[in-house]
Amino acid sequence: MSSGPILSRAGLRTASMALALIVTIGVTGCASGPKDDPNSQASLDKLYSEAKDDLSVGSYEAAIKKLERIEGRAAGTLLAQQAMLELAWAQFRSGEKAPAIATLDRFIKLHPSSPGFDYALYLKGLVNFSEDTGLFGRLAGQDISERDQQASREALAAFRDLVARFPQSRYADDALVRIDFITNMLARHEVHVARYYYERGAYLAAINRAQTAISEYQYAPATEEALSLMVKSYGALKMPELEADARRVLQKNFPNSALLAGSNSTKPWWKLW
């Protein structure tokens, strides 16, 4: 007695094919089920948290790789902006000065209205000039004004830009301190070059560099020696009227200067002892 309808051989083949198709679809569906999307907010937040952990323990190379991925995946978001600033800091701390400057320049160009713009300017100043380097020079008895000053000029420009555009920034006060320090150092550099020329008999060149120190950094302590070098250079060139003018300016601005008597032995401004 039959327990139910019996399929023909063709019907069995059709049913088998249908069953195989259902199994295939089911397997494919399982394989392409929900996965972690690397561009999802959750994934980006996780990656950023890991990068911050790397930064906190000084693993800058690892942090750089993660932050670069975040910047690319989160383009156009505040998270991408934050990642760029963190990236520049990590590059700076790992000794990669040129990449750090390139990252900051890109940030400044792309995000002029970013809430982190003032920090970008401040960090650019820090990357270009580190006070620690100056400290090591002082401890070693080295006149830091003798080194190349291009980075210091770029740092000064960044700090001045920060103070001018964001006077209420949390970084403005520190930038002002650094501006004074760098200004004094750059003035000293010009005087160092002027002295070099004077000692070699290139009096006109010495006068020109001394005038640069006075005109660009008029409130720096090094202008005292700049004026003295002008007095002596004009004297060596037998130009008594200009020599007298320079001496008069020196006496007016530095009435107690030892350099008025012709001495050139004042202690450099940067020496602490």
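Bear in mind that the values here come from a model prediction, so they are computed numbers and not experimental data.

## Examining the overall build of the protein
When helices and strands are counted, the protein shows 12 helices and 0 strands. Secondary structure of the protein in N-to-C order comes out as α-α-α-α-α-α-α-α-α-α-α-α. Classification of the 273 residues of the protein by burial places 38% in the buried group. Just so you have it, the protein exposes about 16,000 Å², and 56% of that area is on carbon and sulfur atoms.

## Considering the packing of helix α2 (residues 41–56) against helix α3 (residues 60–73)
Following both chains from N to C, one finds α2 and α3 inclined at 155°, their axes separated by 8 Å at the closest point. In terms of orientation, α2 and α3 fall into the roughly antiparallel class. Handedness of the crossing formed by α2 with α3: left-handed. Counting all contacts with α2, which are made through Leu44, Leu47, Tyr48, Glu50, Ala51, Asp54 and Leu55, the residues of α3 involved are Tyr60, Ala62, Ala63, Lys66, Leu67, Arg69, Ile70 and Arg73.

## Some words on the packing of helix α8 (residues 150–165) against helix α9 (residues 172–199)
Where α8 meets α9, the axes come as close as 9 Å, and the angle between the chain directions of the two elements is 145°. At the point where α8 passes α9, the crossing takes the left-handed sense. Only Ala172, Ala175, Leu176, Arg178, Ile179, Ile182, Thr183, Met185, Leu186, His189 and Glu190 of α9 make contact with α8, whose side of the interface consists of Ser152, Arg153, Ala155, Leu156, Phe159, Arg160, Leu162 and Val163. Residues belonging to the contact of α8 with α9 are distributed by class as follows: 12 nonpolar, 3 polar and 4 charged.

## What about the nonpolar core?
Judged by nonpolar contacts, the single largest core of 41 residues is most densely connected at Leu104, Phe159 and Ile182. Going through the elements one at a time, α4 (78–93), α5 (97–110), α6 (117–128), α8, α9, α10 (203–216) and α11 (223–236) are the ones with two or more residues in this core. Beyond its immediate sequence surroundings of up to four residues, Phe159 is in contact with Tyr122, Gly125, Leu126, Ala175, Arg178, Ile179 and Ile182. In terms of nonpolar packing, the next biggest core, distinct from the first, is built from 16 residues, Leu47, Ala63, Ala80 and Ala83 among them.

## Things to note about α5
In a regular helix each residue adds 1.5 Å, so 14 residues correspond to 20 Å; α5 covers 20 Å between its end C-alpha atoms and thus fits that length. Packed against the buried residues of α5 are α4 and α6.

## Some points on the side chain of Glu190
Looking at where Glu190 falls in the secondary structure, it is placed in helix α9. Leave out the neighbours within four places in its chain, and Glu190 touches Arg153, Arg209, Thr212, Ala213 and Tyr217.

## A look at the pattern of salt bridges
Tallied over the full model, the rule gives 14 salt bridges. Its salt-bridge partner being Glu86, residue Lys52 comes within 3.0 Å of it at the nearest N-O pair. Residue Lys52 is located in helix α2, and its partner Glu86 is located in helix α4; the two are separated by 34 residues in the primary sequence. Lys52 gets classed as partly exposed once you look at its relative accessible area, which sits at 36%. A salt bridge links Asp161 to Arg165; the nearest nitrogen and oxygen atoms lie 3.7 Å apart. Taken as a pair, Asp161 and Arg165 lie in helix α8 at a separation of 4 residues, close to a single helical turn.

## Let's talk about unusual backbone geometry
A positive phi angle, close to 60°, is found at Lys238, a residue other than glycine. Here Lys238 shows up in the loop between α11 and α12 (240–253). Judged by its relative accessible area of 69%, Lys238 falls in the exposed class.

## Comments concerning the confidence of the model for the protein
With 75% of its residues at a pLDDT of 70 or more, the protein shows a mean pLDDT of 82. Contacts for the low-pLDDT stretch residues 131–141, under 50 throughout, to residues beyond four places or in other chains number 12 contacts. A low-confidence stretch, residues 263–273 (pLDDT under 50), is modelled with 24 contacts involving residues beyond four sequence positions or located in other chains.

## Concerning the environment of Lys124
Among the secondary structure elements, Lys124 is positioned in helix α6. As a C-alpha pair, Lys124 and Glu154 span 30 residues in sequence and 8.5 Å in three-dimensional space. Setting aside residues no more than four positions away along its own chain, Lys124 makes contact with Ile101, Leu104, Asp105, Ile108 and Ala158.

## Description of the packing of aromatic side chains
Following the criterion strictly, the structure yields 8 aromatic pairs and no others. Centre to centre, the rings of Tyr119 and Tyr171 are 5.4 Å apart; their planes meet at 50°, and the pair counts as tilted. Note that Tyr119 is positioned in helix α6 and Tyr171 in the loop between α8 and α9, a separation of 52 residues in sequence. When its relative accessible area of 17% is taken as the criterion, Tyr171 is described as buried. Aromatic side chains Tyr196 and Tyr197 sit 5.8 Å apart centroid to centroid with 70° between the ring planes, which places their arrangement in the edge-to-face category. Overall, the relative accessible area of 28% leaves Tyr197 in the partly exposed class. Through pairs of rings, three or more aromatic residues link up here, namely Tyr119, Tyr122, Phe159 and Tyr171.

Calculation notes
- Residues numbered from 1 in each chain as written.
- Predicted model: local features only at pLDDT ≥ 70, side-chain atom pairs only at ≥ 80, totals over all residues.
- Heavy atoms only, no water.
- Helix = DSSP H or I, 4+ residues; strand = E, 2+ residues; numbered from the N terminus.
- Buried < 20%, exposed > 50% of the residue type's maximum accessible area, 1.4 Å probe, protein only.
- Areas by Shrake-Rupley, 256 points an atom, 1.4 Å probe, with all protein chains shown as cover.
- Axes fitted to C-alpha atoms, helices over the stretch in contact; angles between N-to-C directions.
- Parallel < 35°, antiparallel > 145°, perpendicular 65-115°, else oblique.
- Left-handed = near helix turned anticlockwise from the far one by under 90°.
- Contact = heavy atoms within 4.5 Å.
- Nonpolar A, V, L, I, M, F, W, Y, C, P; charged D, E, K, R; others polar.
- Core = buried A, V, L, I, M, F, W, Y, C linked by side-chain atoms within 4.5 Å.
- Expected span 1.5 Å × (residues − 1).
- Salt bridge = Lys/Arg side-chain N within 4 Å of Asp/Glu carboxyl O.
- pLDDT = per-residue confidence, 0-100.
- Phe/Tyr/Trp six-rings, centres within 6.5 Å; stacked < 30°, edge-to-face > 60°.

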